Amino acid sequence: MKARITVTLKPSVLDPQGKAIEGALGSLGFAGVGSVRQGKVFDIELSGSDRAAAETQLKAMSEKLLANTVVENYRVEILDNHA
Amino acid sequence: MKSAVVVFPGSNREHDAARALRLATGQEAAIVWHGDTSLPSGTDIVVLPGGFSYGDYLRCGAIAGRSPIMDAVKAHADRGGLVLGICNGFQILCEAGLLPGVLMRNKEKRFVCKVTNLKVERNDTPFTRAYDRGQVLAIPCAHGEGNYQADAETLARLEGEGLVAFRYCAPDGSIDAGWNHNGSLNAIAGIYSPKLNVLGMMPHPENHVDPAVGPTDGLALFKSLSMVLENA
């Protein structure tokens, strides 16, 4: 089973990297960029096929290590695996 | 006094911390590997040194904060044992949940390596009794992620309970945004746990302990620790 965890900074948290990227996009001539926020994506392969158990496990991983919930939000997705 | 300095993969200031402890106490610190599950018996103070544990992967201090040794460090802190985290050590303490908040990327996005002025907020703690209250110290900083952030409730609690240890300040001790080089909330450079036995700070007191290399404002922090333990 494939899963993806997306970690983003909470809206209230200043993101200097996002700001720098925003500035770079502007200087490259991309008009109309309102704001950029940088985040992280974790693609995780899990053994087993129990979706509910996987979601529980992925949330635990996010809480315990992948996200710092003081400043970050996370989103867990199970990706359909046709492979 | 028995001290232990924990080494994580990527720590690089462990020998400086051990040297400061030796100069202040006359005793050698034990060097403890992060993969160990216990501290040497009778350890009074644990130091988490500066560096770049795990190359700052994921988040600064995130992986080190979940190392096997950290359960023993938490148990030591829960017993009232002294813990000092410097720079990356402060980041590790926050990631491990021993201190609240988080150290974010510096406001100006630059790695800052310079001597900063630090105001001693209180001198009735195990880490600061050899200082005067309000004293201004010259202590070097060297970090890219030292911008202390916490939610409003946490910040109010830190301020209300007197848990701010040091603030970045002007040479005269006034708190001025121009001297807050990394953008930390309330110019916070270091904080205590509620029982005042855990201190995390971004600046490096271990850099300023020997007159051969300049000011010695950092030495009194390590001397404070030895005073506490001699009187225990």
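Structural data are supplied above this passage.
These numbers come from a predicted model, not from an experiment. In this numbering scheme, every chain counts its residues from 1 along its sequence in written order. Chain labels run from A onward and ligand labels from 1 onward, assigned in the order the entries are written. With the structure being a predicted model, the display of local features is reserved for residues of pLDDT at least 70 and the display and counting of side-chain atom pairs for 80 or more, all residues being used for whole-chain, interface and lining totals. Hydrogens and waters are ignored; side-chain quantities use all the structure's heavy atoms.

**Comments concerning the packing of aromatic side chains**
Residue and element names in this part refer to chain B.
Inference 1: Stacked, edge-to-face and tilted are the three classes for Phe, Tyr and Trp ring pairs, Trp counted by its six-membered ring, which pair at centre distances within 6.5 Å; planes under 30 degrees apart are stacked, over 60 edge-to-face, the rest tilted. Counted according to the given criterion, the structure contains three aromatic pairs over all chains.
Inference 2: With a centroid separation of 6.1 Å and an interplanar angle of 35°, the aromatic rings of Phe 127 and Tyr 192 are classed as tilted. Of this pair, Phe 127 sits in the loop between strand 6 (112-120) and strand 7 (136-143) while Tyr 192 sits in strand 10 (residues 188-192); the two residues are 65 residues apart in sequence, bridging distant segments of the chain. In this pair, the class of Phe 127 matches that of Tyr 192, namely buried. A run of DSSP states H or I qualifies as a helix once it reaches four residues; a run of E qualifies as a strand once it reaches two. Both are numbered from the N-terminal end. Partly exposed residues are those whose accessible area sits between 20% and 50% of the maximum for their type, while under 20% is buried and over 50% is exposed, using a 1.4 Å probe and protein chains only.

**Section: the sheet that holds strand 4 (residues 82-86) of chain B**
Residues and elements named next belong to chain B.
Inference 1: Strands are treated as partners if at least two bridges between them are detected by DSSP. Pairing within the open sheet is mixed, and its nine strands lie in the order 2-1-3-4-11-10-9-6-7. Every interior strand has two partners, whereas the edge strands, strand 2 (30-33) and strand 7, have only one. Going across the sheet, the axis of each strand differs from the next one's by a mean of 25°, ignoring polarity.
Inference 2: Summarising the sheet, strand 4 and strand 11 (residues 198-201) pair through four bridges and their orientation is parallel. Within strand 11, the position partnered with Ile 86 by the bridge is Met 201.
Inference 3: The contact definition used throughout considers only heavy atoms, calling two residues in contact when any of these lie within 4.5 Å. In this description, a line fitted to the C-alpha atoms serves as the axis of each element, helices being fitted only across the stretch in contact, and the angle between N-to-C directions of two axes falls anywhere from 0 to 180 degrees. In this fold helix 3 (residues 88-95) packs onto strand 3 (45-48), strand 4, strand 10 and strand 11, with an angle of close to 120° to the strand it touches most, strand 4.

**Remarks on unusual backbone geometry**
For residues besides glycine, phi is generally negative; the peptide bonds are generally trans as well.
All names here are of chain B.
Inference 1: A positive phi is found at Asp 56, a non-glycine position, where the angle reads about 60°.
Inference 2: Considering the arrangement of structural elements, one finds Asp 56 in the loop between strand 3 and helix 2 (69-78).
Inference 3: On the basis of relative accessibility, which here comes to 21%, the residue Asp 56 falls in the partly exposed class.
Inference 4: With phi around 65°, Leu 196 is a residue other than glycine that occupies positive phi space.

**Structural notes on the pairing of strand 1 (residues 2-9) of chain A**
Residue and element names in this part refer to chain A.
Inference 1: Summarising the sheet, strand 1 and strand 2 (residues 39-45) pair through seven bridges and their orientation is antiparallel. Within strand 2, the position partnered with Ile 5 by the bridge is Phe 42.
Inference 2: Sheet topology places strand 1 next to strand 3 (residues 72-79); eight bridges connect them, and they run antiparallel. Looking at strand 3, one finds that Arg 4 is bridged to Glu 77.

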